[in-house]
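Observations on chain architecture
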Amino acid sequence: MAAHGASLLSTSIVENSLSSLKNCQAYIDTGMDIATGVALDLLQTGCEAAEVDGMESVMLEYATLNRDLNQYISAVEETLRKVKRHPPEEVPDLRQLVQTTYEAHQKKNTDEALRNNDKFIQFEDQLRDLKKQMGITQEETFEDDDEEIAVTQSFANFTCPITQMEMENPVKNKVCGHTYEKDAIVRMIESRHKNSKKARCPKIGCAMSDLQISDLVPDSALRRAIEIHKRQRQSQH
Ligand SMILES: [Zn+2]
C-alpha cells in the first residue's frame, strides 16, 4: 500500500517536471530567433566573417540543447508509459530508468542530424539569401574589400610632392585633385603669398597656378588608406 502511494507520488512529480521541461523549449526557440537576427545584423553592418560564423556556432549550441532536451523529454515519457504498465508492488527507480532510456537515444546522435534542426536550416538559408542580395560570397567581407582597395592604390599617391615622404595628414586640392601633406602645402602657400607671389600646385605637370589655402580639404579616405597600408607593412615585420 505504501509502495503504491510512493509510486503514484513520484509519477505525478515527473509529470509536473515534464511540463516545465516543455517550457524550456520555448526559450530555446526564442534564443535561436534572436541569434538569427543578430547574425543578419552583423552581416548587414559589414562585420567580419568570423563574427557571423560565431553566430553559427551559437546556433549549433542551441540546436544541441534543443536535441538533448527533446531526447530527455521523450525518455521521461517512455519511462512513464512503462511505469504505468508495471504492477504497483514493484516501485521502479524512475531516475535510473529515464537515464538509461536517455543514454540509448544519445548514442544515435549525429552531427548531420543536428544540422537538420529546422531553425538552424532557416538560419543558414537567411544568411545565404542576404549574402546573395549584398553580392558577397562566403570568403569576402567589407573589411577585406577596403583593405584591398587601399593596397592596390598606387603607393605614389601616398607621397607628398613637396616633402617626397609618405603623407600623414593628406589634404586634397579641390581644384586639380592633387594631394599634399597639410603642413607642407600650407607653409608653401603662406611663404609665396608673403612674397606677393602666386602659389603653383607643386605636383609636376599640374597647370594650376593660383593655389589658395581655402582650396584645400582633408582627404580622410586617403589618410585611412595610408594608415591601413602602414599597419600591413608593420604586421609583415
Ligand atoms: Zn595640382
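All values reported here derive from a predicted model rather than from experimental measurement.

So, on to the coordination of the zinc ion. Here the zinc ion is held by Cys176 (SG), His178 (ND1), Cys201 (SG) and Cys206 (SG), and the distances to it run 2.0 to 2.4 Å. Around the zinc ion, the four donor atoms sit at angles spanning 103 to 122 degrees, and that spread fits a shape best called tetrahedral. When the donors of the zinc ion are listed by position in the chain, the intervening gaps give C-x1-H-x22-C-x4-C. In this pair, Cys176 is assigned in the loop between β1 (170–173) and β2 (179–181) and Cys206 in the loop between α7 (182–194) and β3 (216–218), connecting sequence segments 30 residues apart. The exposure class assigned to Cys206 is buried, which follows from its relative accessible area of 10%.

What follows covers helix α8 (residues 220–235). Side chains three or four residues apart in an α-helix point the same way, a direct result of the helix having 3.6 residues per turn. With 16 residues, α8 should cover 22 Å at 1.5 Å per step; its first-to-last C-alpha distance of 22 Å lies within 8% of that length. If you check which residues of α8 are buried, you get Leu222, Ala225, Ile226, Ile228 and His229. The arc enclosing the buried residues of α8, seen along the axis, measures out at 165 degrees, which places them on a common side. Pointing more than 90 degrees away from the buried face of α8 are the exposed residues Ser220, Gln234 and Ser235.

The N-to-C vectors of helix α2 (residues 49–85) and helix α5 (residues 118–133) enclose an angle of 165 degrees; their axes lie 10 Å apart at closest approach. Taken as axis vectors, α2 and α5 run roughly antiparallel relative to one another. For the element pair α2 and α5, the recorded crossing hand is right-handed. Only Lys119, Phe120, Phe123, Glu124 and Leu127 of α5 make contact with α2, whose side of the interface consists of Val52, Met55, Glu56, Met59 and Leu60. When the residues that make up the contact of α2 with α5 are grouped by side-chain class, the tally is seven nonpolar, no polar and three charged.

Here we take up the confidence of the model for the protein. Per-chain confidence: the protein averages 82 in pLDDT, with 84% of residues scoring 70 or above. Predicted confidence is poor over residues 138–144, with pLDDT under 50, and the contacts of this stretch with residues over four places away or in other chains come to 10 contacts. Below a pLDDT of 50 lies the segment residues 147–154, which in the model reaches eight contacts outside its immediate sequence neighbourhood of four places, other chains included.

Spatially, β2-β1-β3 is the arrangement adopted by the three strands of the open sheet, whose pairing is antiparallel. Edge strands, defined here as strands with exactly one partner in the open sheet, are β2 and β3. In this sheet, neighbouring strand axes are inclined to one another by 40 degrees on average, regardless of whether the strands run parallel or antiparallel. The pairing of β1 with β2 spans three bridges and is classified as antiparallel. Across the sheet, Val171 pairs through a bridge with Tyr180, a residue of β2. Where α7 meets the sheet, its contacts fall on β1, β2 and β3, and the angle it forms with β2 comes to roughly 95 degrees.

Under the counting rule described, the total for this entry stands at seven salt bridges. Across the pair Arg128 and Asp125 runs a salt bridge whose closest N-O atoms are separated by 3.2 Å. A residue pair is termed a helical-turn pair when its members lie 3 or 4 positions apart in one helix, as Arg128 and Asp125 do in helix α5 at three residues. Several salt bridges share partner residues, and in doing so they unite Glu56, Arg115 and Glu124 into one network.

Thresholds, definitions, all that
- Starting from 1, residues in each chain are numbered consecutively following that chain's sequence as written.
- In view of the model being predicted, local features appear only for residues whose pLDDT reaches at least 70, and side-chain atom pairs are presented and counted only at 80 or more, with totals across whole chains, interfaces and linings using the full set of residues.
- Processing note: side-chain calculations cover all non-hydrogen atoms of the structure and skip hydrogens and water entirely.
- Donor selection uses N, O and S atoms within 2.8 Å of the metal (3.2 Å for Na, K and Ca). Since no water is included, sites may look incomplete.
- Donor angles set the geometry label: tetrahedral for four donors if every angle is between 85 and 135 degrees, square planar for four and octahedral for six if opposite donors exceed 155 degrees and the others are between 65 and 115, irregular for anything else.
- A run of DSSP states H or I qualifies as a helix once it reaches four residues; a run of E qualifies as a strand once it reaches two. Both are numbered from the N-terminal end.
- Burial classification: accessible surface area is computed with a 1.4 Å probe over protein chains only, and a residue below 20% of its type maximum counts as buried, one above 50% as exposed, and the rest as partly exposed.
- Multiplying 1.5 Å by the helix residue count minus one yields the expected span of that helix.
- Summarising the geometry, the arc corresponds to the directions from the helix axis toward the C-beta atoms.
- Note on geometry: axes are C-alpha line fits, over the in-contact stretch for helices, and angles between N-to-C directions span 0 to 180 degrees.
- Here is the rule for angles: anything less than 35 degrees is roughly parallel, anything more than 145 is roughly antiparallel, 65 through 115 is roughly perpendicular, and the remaining ranges are oblique.
- The crossing is said to be left-handed when, going from far helix to near helix, the turn is anticlockwise and less than a right angle, and right-handed when the turn is clockwise.
- Contacts are residue-level and defined by heavy atoms, with any inter-residue pair within 4.5 Å sufficient.
- Under the scheme applied here, ten amino acids are nonpolar (Ala, Val, Leu, Ile, Met, Phe, Trp, Tyr, Cys and Pro), four are charged (Asp, Glu, Lys and Arg), and all others, including Gly, are polar.
- Across the chain, each position has a pLDDT score giving the predictor's confidence in that residue, from 0 to 100.
- Should DSSP find at least two bridges between two strands, the strands are regarded as paired.
- Should a side-chain nitrogen of Lys or Arg be within 4 Å of a carboxyl oxygen of Asp or Glu, the pair is scored as a salt bridge.

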